[in-house]
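Here is how the chains run, residue by residue.
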Amino acid sequence: MSLHDDAVLVLKGYEDQAELRQAYLDHLSAHGDDGMWKACTAGHVTASALVVDPSRGRVLLTLHRKLRMWLQMGGHCEPGDATLAAAALREATEESGVPGLTLLAGGPVRLDRHPIPGPCTQHLDVQYAALAPADAVEAISDESLDLRWFAYDEVADVADESVVRLVEATRARL
C-alpha cells in the first residue's frame, strides 16, 4: 500500500471535522500521489505529533527555526514513510530527540490546514499525539531554535490557536 493509499484510509476513518476531512480527500483525489509530497505546489499532506507527558500535565513544543513560532513536532512526509502515523512518529522523534515515543491510540487527533510561503500554497496537516516515556529527555534538532515543556495551561500564552486546539483535542482523547 502506498503512503497516498494509507492517507486516504486514515482520512476516511477520521470521524471529526467532516468538511475539512473531505477537502483533504478531494485534494488527494485531484493530485494523486503528488498530493503527499512537498513538490506539489497546490498543497500537500504533512504529518505532525504533539509530544505529551500526561503524568506531568505538559507538552513539548519546538521553537521552529524558520517560522519562529512554538509548534508541535512535524513536517513533510518522506518516501521511506509507510504510513501517515509512521511519518508523524518519525518527525516527532527527530525533532524532539526523545526516543521511545508512542502514538496515542485512535489515529489522528485533529486536522489543520494552513497557508505557507510559496511556491507551495498550503499544508494539509494530519495531527497525532505522541506519548513521552517517563524519563524523556529532549534534544534540540537542526530544525529548532529551542525545545521546551509547557504545562497545558501555558500553551495559549506562547502558541497560536492551532496548537491550543491540538492540545485541547489531545487532552480530550486522553
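First, a word on scope: everything that follows refers to the structure included in this document. (Residues numbered from 1 in each chain as written. Predicted model: local features only at pLDDT ≥ 70, side-chain atom pairs only at ≥ 80, totals over all residues. Heavy atoms only, no water.)

**Here we look at the overall build of the chain**
Assigned secondary structure in the chain consists of five helices and eight strands. Going residue by residue from the N terminus, the α and β elements of the chain occur as α-α-β-β-β-β-α-β-β-β-β-α-α. By the compact-globule yardstick of 16 Å for 174 residues, the chain fits well, its C-alpha radius of gyration being 15 Å. Considered along the principal axes of its C-alpha atoms, the chain spans approximately 45 × 30 × 30 Å. Every one of the 174 residues in the chain was classed for burial, and the buried ones make up 49%. Contacts spanning at least 24 positions in sequence make up 66% of the contacts within the chain whose residues lie at least 6 apart. Working note: accessible area of the chain is about 8,300 Å², and carbon and sulfur atoms make up 52% of it. The distance from the centre of the 15 positive side-chain charges to the centre of the 27 negative ones in the chain is 2 Å. (Helix = DSSP H or I, 4+ residues; strand = E, 2+ residues; numbered from the N terminus. Rg over C-alpha atoms; globule rule 2.2 N^0.38 Å. Buried < 20%, exposed > 50% of the residue type's maximum accessible area, 1.4 Å probe, protein only. Contact = heavy atoms within 4.5 Å. Areas by Shrake-Rupley, 256 points an atom, 1.4 Å probe, with all protein chains shown as cover. Lys, Arg positive; Asp, Glu negative; His and termini not counted. Charge placed at Lys NZ, Arg CZ, Asp CG, Glu CD.)

**Focus on the nonpolar core**
Ranked by internal contacts, the top residues of the largest apolar core, which has 33 residues, are Met-36, Val-51, Leu-84 and Val-126. Apart from the residues lying within four places of it in its own chain, the contact partners of Val-51 are Arg-58, Val-59, Leu-60, Met-73, Ala-92, Ser-96, Leu-101, Ala-130, Ala-132 and Trp-149. Grouped together as the second largest cluster of nonpolar side chains are 18 residues, Leu-61, Leu-104, Val-163 and Val-164 included. (Core = buried A, V, L, I, M, F, W, Y, C linked by side-chain atoms within 4.5 Å.)

**Let's talk about the environment of Ser-141**
With respect to the helices and strands, the residue Ser-141 is situated in the loop between strand S7 (122–131) and strand S8 (144–151). Looking at Ser-141, the relative accessible area reads 15%, which means it is buried. The spatial distance from the C-alpha of Ser-141 to the C-alpha of Pro-119 is 25 Å, given a sequence separation of 22 residues. Residue contacts for Ser-141: discarding those within four places in its chain leaves Arg-65, Glu-94 and Glu-95.

**Some remarks on the layout of surface pockets**
Each pocket or cavity is described by its volume, and for the largest pocket that value is around 920 Å³. Lining the largest pocket are 32 residues, with His-64, Leu-67, His-76, Ile-116 and His-123 positioned closest to its centre. Grouping the constituent residues of the lining of the largest pocket by class yields seven nonpolar, 13 polar and 12 charged. (1 Å grid on protein atoms, 1.4 Å probe; cavity = no way out; pocket = protein on both sides within 12 Å on 5 of 7 lines; lining within 4 Å. Points joined across faces, edges and corners; volume = space filled by probe spheres on them. Nonpolar A, V, L, I, M, F, W, Y, C, P; charged D, E, K, R; others polar.)

**Here's the deal with the environment of Thr-170**
Its location among the elements puts Thr-170 in helix H5 (residues 161–173). What makes Thr-170 buried here is its relative accessible area of 1%. Separated by 76 residues in sequence, Thr-170 and Glu-94 have C-alpha atoms that sit 21 Å apart. For Thr-170, the residues in contact, after removing those within four places along its chain, are Leu-50, Val-52, Leu-104, Val-109 and Ala-129.

Taken by themselves, the reported measurements are silent on function.
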